[in-house]
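# Chains, contacts and geometry: an overview
Now for the letters of each chain:
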Amino acid sequence: MPVIGLAYAIELPPECAIVMAAGLYLVFTVLAAIIAVLVPAVRRWFRSRRRPLRVGGMIALTWFVVFVVLAVAGGTPPEQGTNAAARTVPSTTTAAAAAPTSTTSAPAPAPSCHAGSNNGQPVPDPTCTPGATDANVTADNIDSTICLPGWADKVRPPASYTDQLRAQQIAVYDYADAQLADYTEDHLIPLELGGNPTDPKNLWPEPGNAANGKDAVETALSRAVCSRQVTLTAAQRAIAADWTTAETVLGLNTPTSTRTTPPPAAPAPRPAPTKAHAPSPAPVQHDTPAPADPLAGRYHAGEFCSKANLGVTTIATNGATITCRRDGNYNRWED
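### Digging into the overall build of the protein
Secondary structure assignment for the protein yields 11 helices and seven strands. The burial tally for the protein puts 29% of its 335 residues in the buried class. A fraction of 58% describes how many contacts in the protein between residues 6 or more apart in sequence connect residues 24 or more apart. Of the accessible surface of the protein, which amounts to about 21300 Å², a share of 62% is contributed by carbon and sulfur atoms.

Here you go:
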């Protein structure tokens, strides 16, 4: 029906288009009835029929059937034509422009990482684990953060997080051994030095479940930072670059021997005075005090020591004498 087509052309809903067509059909029917009653020629035509009422009924029925057929046919929106194309093309174009390609939406493959070794100790892949710092820790607030007892336990992430991350990173590091128990999720920049607690760039699956020399290095660097011996930034950079050489880079592990310096040679005796025949007493010699030992009181027996201190003897925290010796794959202070 032209009326319904016109309704779709102006983008009316199908229900409104049918109602509009029915209204116009009713108007045309009333006009036709008025013409049939008022126009004499039409009346004469009906009177000339043998059965004028039947003819009028047939015309009305035909008119109604035509309306129903056109209404049903016009209930389906046109799929072709200029107006339909104008309505559908913009939405199709927009959808095509908004839809990302499969190449863009596909996640990038995880990089393959490989753990290394330095001085016989495991070190992470510097590309996959470069280290990350905690923005809440600065050089100005170390006294209220990392230098406070219990700071590391306060910010340490829960085991549920580190266990899940450890499983993921074991696969990324391409370890042949995939047993979780054989690895420790280690903070490259330790929490005691303002390392980020949860950033995967600061965590990596360290092979071996036993403690190694890194714990002793972390303790030494933390003490040096809190005593203002080195800056926080320098300590973070040194341990992130290579924790096995961090103490050497910062000048914290210069070996110091505890052997006493031999006293200087005694001066020659003064000549005896002419009036006294008794020889003058030999001058009393005093031992020159040994220089202060920077390692004294810092470690205890059984604690790990750095490679640079092998063979060095110092005083333990309990006053006993301890020496840095090789113990299997690690270096330890032994009494």
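### Some remarks on the state of the cysteines
Per the stated rule, a full pass over the model turns up three disulfides. A disulfide bridge connects Cys 113 with Cys 128, and the sulfur atoms are separated by 1.9 Å. Taking the torsion about the S-S bond as the criterion, the Cys 113 to Cys 128 disulfide, at about -95 degrees, is left-handed. Remark: Cys 128 occurs in the loop between strand 2 (121–123) and helix 7 (151–155) and Cys 113 occurs in the loop between helix 6 (102–105) and strand 1 (116–118); sequence separation between them is 15 residues. The pair formed by Cys 113 and Cys 128 is uniform in burial state, with each residue classed as buried. In the protein, the cysteines engaged in disulfides, taken in order along the sequence, are linked 1-2, 3-4, 5-6.

### A look at the nonpolar core
Core analysis: the biggest nonpolar cluster contains 20 residues, and Leu 221, Val 225 and Ile 239 have the highest contact counts within it. If you list the elements that add at least two residues to this core, you get helix 9 (214–226), helix 10 (232–241) and helix 11 (246–250). Residues in contact with Ile 239, not counting those within four places in the same chain, are Leu 188, Ile 189, Pro 190, Leu 193, Val 217, Glu 218, Leu 221 and Ala 246.

### Focus: the sheet that holds strand 5 (residues 313–315)
Overall, antiparallel pairing links the three strands, which are arranged 5-6-7 in an open sheet. Strands at the two margins of the open sheet, each flanked by one partner only, are strand 5 and strand 7 (330–334). Strand-to-strand, the axes of this sheet are offset by a mean angle of 35 degrees, without reference to chain direction. Pairing analysis gives five bridges linking strand 6 (residues 321–327) to strand 7, with the strands arranged antiparallel. Bridge pairing links Asp 327 to Tyr 330 in strand 7.

### Details of the confidence of the model for the protein
Here the protein averages 75 in pLDDT, while 64% of its residues score no lower than 70. Within the protein, helix 10 carries the highest mean pLDDT (95), whereas helix 6 carries the lowest (38). Long-range and interchain partners of residues 79–109, a stretch whose pLDDT sits below 50, account for seven contacts in this model, where long-range means more than four residues apart. Under a pLDDT of 50 for its full length, residues 256–260 has, in the predicted model, seven contacts with residues more than four places off or in other chains.

### Quick word on the side chain of Asn 196
Its location among the elements puts Asn 196 in the loop between strand 3 (183–187) and strand 4 (203–207). A polar atom in the side chain of Asn 196 sits 3.4 Å from the backbone oxygen of Thr 133. At a separation of 2.9 Å, a polar atom in the side chain of Asn 196 contacts the main-chain amide nitrogen of Asp 199. When sequence neighbours within four positions are dropped, the list of residues in contact with Asn 196 reads Ala 132, Thr 133, Asp 134, His 187, Leu 191 and Asn 202.

### Digging into the pairing of strand 3
Of all the five residues making up strand 3, four are buried; the element is thus mostly covered by neighbouring parts of the structure. Where strand 3 meets strand 4, five bridges bridge the pair, whose relative direction is antiparallel. Bridging from a neighbouring strand, Tyr 183 pairs with Pro 207 of strand 4.

### Notes on the packing of aromatic side chains
Using the criterion set out here, one finds three aromatic pairs in the structure. Plain terms: the ring middles of Tyr 173 and Tyr 175 are 5.7 Å apart, the flat faces sit at 15 degrees to each other, and that makes the pair stacked. Here Tyr 173 matches Tyr 175 in class, with each residue buried. Arranged with centres 6.0 Å apart and planes meeting at 40 degrees, the rings of Tyr 173 and Trp 204 form a pair that is tilted. Taken together, the residues Tyr 173 in the loop between helix 8 (159–172) and strand 3 and Trp 204 in strand 4 connect sequence positions 31 residues apart.

### Here we look at the environment of Cys 147
As for its position among the elements, Cys 147 is in the loop between strand 2 and helix 7. In this structure Cys 147 comes out as partly exposed when scored by relative accessible area, which is 22%. Note: C-alpha distance between Cys 147 and Arg 223 (76 residues apart in sequence) is 8.4 Å. When residues no more than four places from it in sequence are discounted, the contact partners of Cys 147 are Ile 142 and Cys 226.

### What to know about the pattern of salt bridges
According to the stated counting rule, one finds five salt bridges in the structure shown. Where Lys 214 meets Glu 218, a salt bridge forms, and the shortest distance between an N and an O atom there is 2.4 Å. Of the two residues, Lys 214 and Glu 218 both sit in helix 9, four residues apart, roughly one turn of that helix. A single burial state applies to Lys 214 and to Glu 218, both of which are buried. When salt bridges with common partners are traced through the structure, they connect Asp 186, Lys 214 and Glu 218 into a single cluster.

Rules of the game
Residues numbered from 1 in each chain as written. Predicted model: local features only at pLDDT ≥ 70, side-chain atom pairs only at ≥ 80, totals over all residues. Heavy atoms only, no water. Helix = DSSP H or I, 4+ residues; strand = E, 2+ residues; numbered from the N terminus. Buried < 20%, exposed > 50% of the residue type's maximum accessible area, 1.4 Å probe, protein only. Contact = heavy atoms within 4.5 Å. Areas by Shrake-Rupley, 256 points an atom, 1.4 Å probe, with all protein chains shown as cover. Disulfide = S-S within 2.5 Å. Core = buried A, V, L, I, M, F, W, Y, C linked by side-chain atoms within 4.5 Å. Pairing = 2+ DSSP bridges. Axes fitted to C-alpha atoms, helices over the stretch in contact; angles between N-to-C directions. pLDDT = per-residue confidence, 0-100. Polar contact = N/O pair within 3.5 Å; in protein donor to acceptor, adjacent residues only side chain to side chain. Phe/Tyr/Trp six-rings, centres within 6.5 Å; stacked < 30°, edge-to-face > 60°. Salt bridge = Lys/Arg side-chain N within 4 Å of Asp/Glu carboxyl O.

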